[in-house]
Amino acid sequence: METKIVVVKDPYSDSIDVACEVLRSGGLVAFPTETVYGLGAVATNPEAVKKIFEVKGRPQDNPLIVHLSSIEQITNFAYLDEKFVPVIKKLSPGPITFVLRKKDVIPAEVTAGLDTVGIRIPAHPVAQRLIDCSGPIAAPSANLSGRPSPTDAQSVIEDLKGLIECIIDAGPSAFGIESTIVDLTREKPVVLRPGPITLEELNEIFKEFGGVEYHKTNMEINKPLAPGMKYRHYAPDKPLRILESNALKDFINTNTLILCTEETKDSLLKDAENVYIIGQFKKPYTIAQNLYKSLRFIDKSPYSDAVIEKFPEEGLFFSIMNRIKKAAIKK
Ligand code: TXA
Ligand code: MG
């Protein structure tokens, strides 16, 4: 299949019309959001949605997120308790997904048969325009299943060129890791996936509901609440280990690639040539932005394996470590 690559510099130009037409006619479009690139199909078209699973090689039990362009649209697709509206308004549009009880218009193909649906309102203007033009878009991240999510069009091209109708290139994603997922169908709001909105921020925002619980989903749990989180994920083909920054010294100028912060390179690894900088410790968001590109680089590099710096699990680093740990699970 020929994949159209549409470069969108100005989100308000007509260049996204091509992508919109592809979606409307049942095709797949990779599109930018402020977290990562998504692989979209019109959410109310079950045949189009099925193709997402085929193209990605995605396990059938892993539901997709439905992307809308405004908060007002939510009740067309899901049941929403009024008491959560102020909180949703604080966080959306943005890098967060809410799990709600679904209405019948959402096909079972989207939710992998669950009676709940993940709803996200991305803030990216290109994503918003696309949704306005095509209707609600069901989309997972635009990578082949198991690979690091794409944070720019080049990474989408690596995984999906020739397999889908269209890829929109609107530059790098601002956050670089996937949305925080909060399940609002339970007694207390439950965080199913940590992300750009941190647990600390959520506890503050959900104060009147007693804060949020964090649900640790992992490979050992048979029935995880966010089915996607049970898999090895974000992973390079080559082995990856997580080490304290001090221990990285043992790998200076070996055949192992060292992924670390600028600070660690400057203080501990001055003479090392086998280093890939993943961002600044002082600015954790730069690490989130570069993380998946860095993980993709491991396989492109000439090194046989890689080690990555360990971070304290708080704030945004909690979400970053969640991804790194999944990437480091052995095959
Ligand atoms: O930032 C993001 O969330 C990106 C962009 C494209 O929006 N999307 C994304 O999708 O990361 P994906 O498919 O890679 O991850 C979706 C996650 C999976 O772990 C899935 O299990 C969970 O959301 N999920 C979706 N619907 C759910 C539901 N009804 N209940 C529980 N978990 C759900
Ligand atoms: Mg994904």
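Since we're looking at a predicted model, the values are computed, not measured.

Under the counting rule described, the total for this entry stands at 16 salt bridges. In this structure, Arg147 engages Asp159 in a salt bridge whose closest nitrogen and oxygen atoms are separated by 2.8 Å. Here the residue Arg147 occupies a position in the loop between strand E8 (137-139) and helix H7 (153-160), and Asp159 occupies one in helix H7, the gap between them amounting to twelve residues. One connected set of salt bridges, linked through shared partners, spans Arg147, Glu158, Asp159, Arg296 and Lys300.

Okay, the state of the cysteines next. On inspection of all chains with the given rule, the structure shows one disulfide. Between the sulfur atoms of Cys20 and its disulfide mate Cys133 the distance is 1.6 Å. Looking down the S-S bond of the Cys20 and Cys133 bridge, the torsion is -95 degrees, so its handedness is left-handed. Separated by 113 residues along the polypeptide, Cys20 in helix H1 (residues 17-24) and Cys133 in helix H6 (residues 125-134) bring together distant segments of the chain. Just so you know, Cys166 is unpaired, no disulfide at all, and the nearest cysteine sulfur is the one on Cys20, 10 Å from it.

Here the residue pair Ser92 and Pro93 is connected by a cis peptide bond, since its omega of -5 degrees sits within 30 degrees of zero. Structurally, Pro93 can be placed in the loop between helix H4 (85-91) and strand E6 (96-102). The backbone phi angle of Ala112 is positive, close to 50 degrees, even though this residue is not glycine. Overall, Ala112 belongs to the partly exposed group, its relative accessible area being 27%. Even without being a glycine, Asn253 presents a positive backbone phi close to 50 degrees.

This part takes up the UniProt feature "binding site: L-threonine" (unreviewed entry) in the protein chain. The sites that carry the UniProt feature "binding site: L-threonine" (unreviewed entry) are, in the present numbering, Thr35, His67, Arg120, Ala139 and Ser179. In three dimensions, the annotated residues from a span of 145 residues occupy one location, with a maximal C-alpha spread of 12.6 Å. With respect to the element layout, Thr35 can be found in the loop between strand E2 (29-31) and strand E3 (38-42). Not counting residues within four places of it along the chain, the set of residues in contact with Thr35 comprises Pro95, Arg120, Thr151, Ser173, Phe175, Gly176, Ile177, Glu178, Ser179 and Pro196. Polar side-chain contacts of Thr35 include one of 2.8 Å to the side chain of Thr33. Under the relative-accessibility criterion, Arg120 is labelled buried at 3%. Excluding residues within four positions of it along the chain, Arg120 makes contact with Thr33, Glu34, Thr35, Ile65, Val66, His67, Leu68, Gly94, Pro95, Ile96, Thr97 and Ser179.

Time to look at the UniProt feature "domain: YrdC-like" (unreviewed entry) in the protein chain. Under the present numbering, the feature "domain: YrdC-like" (unreviewed entry) in UniProt falls on residues 13-197. Measuring from the first to the last C-alpha atom of residues 13-197 gives 30 Å, for a span that is 28% helix and 22% strand.

Let us look at the site of ligand 1. As a matter of local geometry, ligand 1 sits amid 27 residues, with Thr35, Arg58, His67, Arg120 and Ser179 nearest to it. Taking His67, its side chain carries an N or O atom lying 2.6 Å from an oxygen atom of ligand 1. At 2.5 Å, a side-chain N or O of Ser179 approaches an oxygen atom of ligand 1. Contact with the protein chains removes 98% of the 680 Å² of surface that ligand 1 exposes when unbound. If one sorts the elements of the shell around ligand 1 by residue count, strand E7 (residues 116-120) sits on top with four residues.

Here we come to the sheet that holds strand E14 (residues 256-260). With parallel pairing, four strands are arranged side by side in an open sheet as E13-E16-E14-E15. The open sheet has two free edges, formed respectively by strand E13 (240-243) and strand E15 (275-277), since each of these has just one partner strand. Looking at each pair of strands side by side, their axes are set apart by 25 degrees on average, direction ignored. Relative to E15, E14 runs parallel, the two sharing three bridges. Pairing of Cys260 across the sheet is with Ile277, part of E15. Sheet contacts for helix H10 (residues 284-300): E13, E14, E15 and strand E16 (305-309); angle to E14, the most-contacted strand, approximately 175 degrees.

So, how was this worked out
- Residues numbered from 1 in each chain as written.
- Chains lettered and ligands numbered in written order.
- Predicted model: local features only at pLDDT ≥ 70, side-chain atom pairs only at ≥ 80, totals over all residues.
- Heavy atoms only, no water.
- Salt bridge = Lys/Arg side-chain N within 4 Å of Asp/Glu carboxyl O.
- Helix = DSSP H or I, 4+ residues; strand = E, 2+ residues; numbered from the N terminus.
- Disulfide = S-S within 2.5 Å.
- Buried < 20%, exposed > 50% of the residue type's maximum accessible area, 1.4 Å probe, protein only.
- UniProt positions renumbered as here; feature names shortened; annotations may be inferred.
- Contact = heavy atoms within 4.5 Å.
- Polar contact = N/O pair within 3.5 Å; in protein donor to acceptor, adjacent residues only side chain to side chain.
- Near = heavy atom within 4 Å.
- Areas by Shrake-Rupley, 256 points an atom, 1.4 Å probe, with all protein chains shown as cover.
- Pairing = 2+ DSSP bridges.
- Axes fitted to C-alpha atoms, helices over the stretch in contact; angles between N-to-C directions.

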